[in-house]
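This is what each chain is made of:
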Amino acid sequence: MTEVKNGDVVRIHYTAKLADGSAVDSSQGGEPLEFQVGAGEIIPGLDRQISGMAVGELNTVAIAAEDAYGLHDDSKVQVVPRSAVPEGVAVGTRLQGTAGDGRQVAVTVTGVDDEQVTVDGNHPLAGQDLVFDVMVVEVLGKSAEGQQR
């Protein structure tokens, strides 16, 4: 059986769950996720767990928050004037903005009142330990530098 090695391009099916078992993402019913192992294209904890798996193998792996979407960073939570965001925003709304250095950032509205809006720049799953059910569907081989996959 083909075993996954660092640098291989693989296709996997996965279901990601929170520690309480509630599903947050899945490739089931769709196309498998394709990525190069070790290239930083997926969360680090899952990337490391794929190496050594064989095609057709199903594993359940626990990924700590710091190896998933990181720990929650309170410095990424800000309160801005109500006038700084579009009309009609509600808690849970995702917004795109531009940081002071010019890069695009996504934020989630976590609080709204007449005067101000609280936005959180953390990934929605930051601070969450995750559990993945993952199956290697296919190993496509090594990715050539600069080659499209």
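These figures come from a predicted structure and were not determined experimentally.

Pulling in residues and values, what's your account of the confidence of the model for the protein?
Chain-level statistics for the protein give a pLDDT mean of 90 and a share of 95% at 70 or above. Taken as a whole, residues 145-149 scores under 50 in pLDDT and shows six contacts with residues more than four places along the chain or in a different chain.

Tell me about the sheet that holds strand S8 (residues 116-120), and please be specific about residues and values.
Spatial ordering of the open sheet is given by S5-S8-S7-S6, a layout of four strands whose pairing is antiparallel. Whereas interior strands pair on both sides, the edge strands pair on one side only; in this sheet they are strand S5 (77-81) and strand S6 (94-98). On average, each strand axis in the sheet is inclined to that of its neighbour by 45°, with strand direction left out of account. Where S6 lies against strand S7 (residues 104-112), five bridges are found, and the strand directions are antiparallel. Along S7, the bridge assignment pairs Thr98 with Gln104.

Could you give an account of the layout of surface pockets, naming the residues involved and the relevant values?
One number sums up the size of the largest pocket: a volume of about 420 Å³. Taken together, the elements giving at least two residues each to the lining of the largest pocket come down to S5, S6 and S7. Of the residues forming the lining of the largest pocket, the biggest block, four residues, is contributed by S6. By volume, the second largest pocket amounts to about 160 Å³. For the second largest pocket, the full set of lining residues is Tyr14, Ala16, Val24, Asp25, Leu33, Ile42, Ile43, Leu46, Tyr69, Leu125, Leu130 and Phe132. Broken down by secondary-structure element, the contributors of at least two residues to the lining of the second largest pocket are strand S1 (8-18), strand S2 (23-26) and strand S9 (130-142). Partitioning the lining of the second largest pocket into residue classes produces 11 nonpolar, no polar and one charged.

Here is what the cut-offs are and how they apply
Residues numbered from 1 in each chain as written. Predicted model: local features only at pLDDT ≥ 70, side-chain atom pairs only at ≥ 80, totals over all residues. Heavy atoms only, no water. pLDDT = per-residue confidence, 0-100. Contact = heavy atoms within 4.5 Å. Pairing = 2+ DSSP bridges. Helix = DSSP H or I, 4+ residues; strand = E, 2+ residues; numbered from the N terminus. Axes fitted to C-alpha atoms, helices over the stretch in contact; angles between N-to-C directions. 1 Å grid on protein atoms, 1.4 Å probe; cavity = no way out; pocket = protein on both sides within 12 Å on 5 of 7 lines; lining within 4 Å. Points joined across faces, edges and corners; volume = space filled by probe spheres on them. Nonpolar A, V, L, I, M, F, W, Y, C, P; charged D, E, K, R; others polar.

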